[in-house]
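Report on the structure
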Amino acid sequence: MTYLVTHPLRRCVSFILALFLTYFCLGKTAIAAPQTHTTFANNDNYYHSLAQDISTRKALTANTNKTYSEFATELKDVIEKDKSIAPFPTLLADSTGTTSYVWPISNSATPDEMNTSFGPRMNNDKWDFHDGIDLPDDCGTDVHAVANGTVVDAGNADSNNSSRHVVLKVNDSTDGDIYVYYLHLESIAVSSGSVSQGDVLGKVGKDNANYCHLHLELRRGNRQQISSYHPLRYLPYTNTPNFTAPTSARFNRQSNGLMAARLLFDASSRLEGDLERVEVDLKNGTTLLGTPRVVNFNDKTTIQEGNGDEFAFTNDIAVEGYQSSNMGPNGDNRNDLKYSIIVRNLPSDCNTLVARVYDVRGTHVVTSAAITVPNQTTIEESLNFEDGLTIPTGWTQIISTSGAGTSIANDATIAHGGTRSLRSTDNSNTESSSQQAGIEYDLPNNRFEWQVESWIRPSTLELSDDSNQVYLLDFLTEQGINPSVAARIRYYAPKSLFAEIVARRPDNIPGKENLAINSSKEAIITGTWRNWRLRLSRIGTRETKAVLYLDNEKKAELFWDSTAYEPSKVQVGIGRSFSKAKATVNTDDVLLTEKTL
């Protein structure tokens, strides 16, 4: 512990500390006070702070079974009986150089449960930089001051705060002014003035939130959100080696011909979400190409604020956190954290990557092995059927072996751009199982994004009930399960046909259906050509994203976990026509590509 002692008190420091230890360890004993004429102000905050800042407080309170607040009160009573006792010297922070903080719900050094950590996450189906941490608890639970400070703002949602809130200004001995934001409160207990560490500021709520939790945010130097700092820079926690080395590299060729890479890593416990920084070296062999690409959550020149996928990249590097904004009782019961690093526009001479992951204290650094950047062949398939072939080179036919009436043909009577198209027909609604009539392409491994699009004209759609669907752009799993994810037409009563996305969930999510569905509510009319486009990103993660576009307009978006049922094949035409359904569909100007970046 470091002490700042004014000259008149320097001779008294040892004696006063001895007085304090004797009183606390041996009980209330008559003690002769040093003779000075300095008196105390009657300030509860002072005594409370004093009791908490003594470096030996943990051992002492353990021996007496007293809380810091109880001891502060007793200490005040003893000293106040003799107004001639000089005040203790001002105590600075301990050897780490930082002010002491407690957690806002436990009101202690014991960390509160953390649902969503600081940094990138998925929020409202988009990349988002989460500037605080989310701490779930029952609505109505007390929320405490994390340190001594001054309440500088409190109230309902306004132009600067999204919910009922309290803002506490703390003077940190190292970082100066820290503004602590408490959001989503059910009620407010203190609206202004000085408070002591541990004082109740309000209660946990869900104001402008979908479950009861406290959003805690610390902003260094000023009250702008761009000044947010990782709360675990300040709050006490057990710092363990929590991160795995970045691995599971995947690569996509970009539209400009350069390569992009994605690396995955994770943390075994979401209760310790202390990721702060990642670095990636771009190399040619062992030679470093330029400076490392860096993302530092506490340096906003390396990361953007905002909720949208367009904010993910800064300087051609992005970090994604595969955690949802609601990981509470109605969430996906996740106990860990998963992340990826995406590096785009790799120089043409870059053939090796090395990535490093740092925690917020800089104590644990994990480095990947050298990762080889492949010179992979670009996958881009363009089909217009003008060559008269029904089955294009590199594709295979998919025709149902059961039932009757399924067929495909190169159709010279209907086309979108030229004179020919692919006609897929399921001409029977008597089969008890689903039917197929289209073409299929095997996807290579190791990509993290795909896009397939086609002009599609359904001429016959006989779908009689809600169970009847026709898959038009259809990705199958490696196990051959249909679908991994698909764009389809579905019947909804009383006589409407809509476009939607469907994806297969992992089997191990309790209480979840095996299919995730997002309907666009876009009515489909037979006899009309429309451009269908299905884009997949974050493939092989639990936050895989599918977006359906019709005529270049986004109509539906779906997030799901594709780690168990990853896309391995793609089908166009009638990838699947459910039993009792009847359909004829023409497909033209097909484009399958990995060039999505």
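Before any of the text, the structure's been laid out above.
Everything in this summary refers to the structure shown in the same document. What you are looking at is a predicted structure, and each value in this text was computed from that prediction instead of being measured.

Secondary structure summary: the protein chain contains four helices and 39 strands in total. The buried share of the protein chain, reckoned over its 597 residues, is 54%. Of the contacts made within the protein chain by residues no fewer than 6 positions apart, 66% connect residues no fewer than 24 positions apart. Approximately 25,000 Å² of the protein chain is accessible, and the part contributed by carbon and sulfur atoms is 46%.

Our focus in this paragraph is the sheet that holds strand 6 (residues 142-144). Pairing is antiparallel across the open sheet formed by three strands, whose spatial order is 6-12-10. This sheet does not close on itself; its edge strands, each paired only once, are strand 6 and strand 10 (187-188). As defined by bridge partners, strand 10 adjoins strand 12 (residues 200-203) across two bridges and the pair is classed as antiparallel. Directly across from Ser-187, in strand 12, lies its bridge partner Lys-203.

Turning our attention to the environment of Glu-310. Mapping Glu-310 onto the fold places it in the loop between strand 19 (293-296) and strand 20 (317-321). The exposed category is assigned to Glu-310, whose relative accessible area is 60%. In sequence terms Glu-310 and Asp-128 are 182 residues apart; their C-alpha atoms lie 9.8 Å from each other.

Below, the discussion takes up the sheet that holds strand 20. Pairing is antiparallel across the open sheet formed by four strands, whose spatial order is 15-16-21-20. In this open sheet, the two edge strands, each paired with only one partner strand, are strand 15 (247-253) and strand 20. Averaged over neighbouring strand pairs, the angle between their axes works out to 20 degrees when direction is ignored.

What follows concerns the nonpolar core. One finds Leu-168, Val-180, Tyr-182, Leu-201, Leu-346 and Leu-353 to be the most contacted residues of the largest nonpolar core, which totals 72 residues. With seven residues, the single largest contributor to this core is strand 16 (residues 259-267). Dropping the residues within four chain positions of it, Leu-168 is found in contact with Ala-145, Val-146, Ala-147, Gly-149, Thr-150, Val-151, Ile-178, Tyr-179, Val-180, Tyr-182, Val-195 and Leu-201. Judged by nonpolar contacts, the second largest core, of 47 residues, contains Phe-385, Ile-456, Val-470 and Ala-503.

Conventions and cut-offs
- Residues numbered from 1 in each chain as written.
- Predicted model: local features only at pLDDT ≥ 70, side-chain atom pairs only at ≥ 80, totals over all residues.
- Heavy atoms only, no water.
- Helix = DSSP H or I, 4+ residues; strand = E, 2+ residues; numbered from the N terminus.
- Buried < 20%, exposed > 50% of the residue type's maximum accessible area, 1.4 Å probe, protein only.
- Contact = heavy atoms within 4.5 Å.
- Areas by Shrake-Rupley, 256 points an atom, 1.4 Å probe, with all protein chains shown as cover.
- Pairing = 2+ DSSP bridges.
- Axes fitted to C-alpha atoms, helices over the stretch in contact; angles between N-to-C directions.
- Core = buried A, V, L, I, M, F, W, Y, C linked by side-chain atoms within 4.5 Å.

By themselves these figures say nothing about function.
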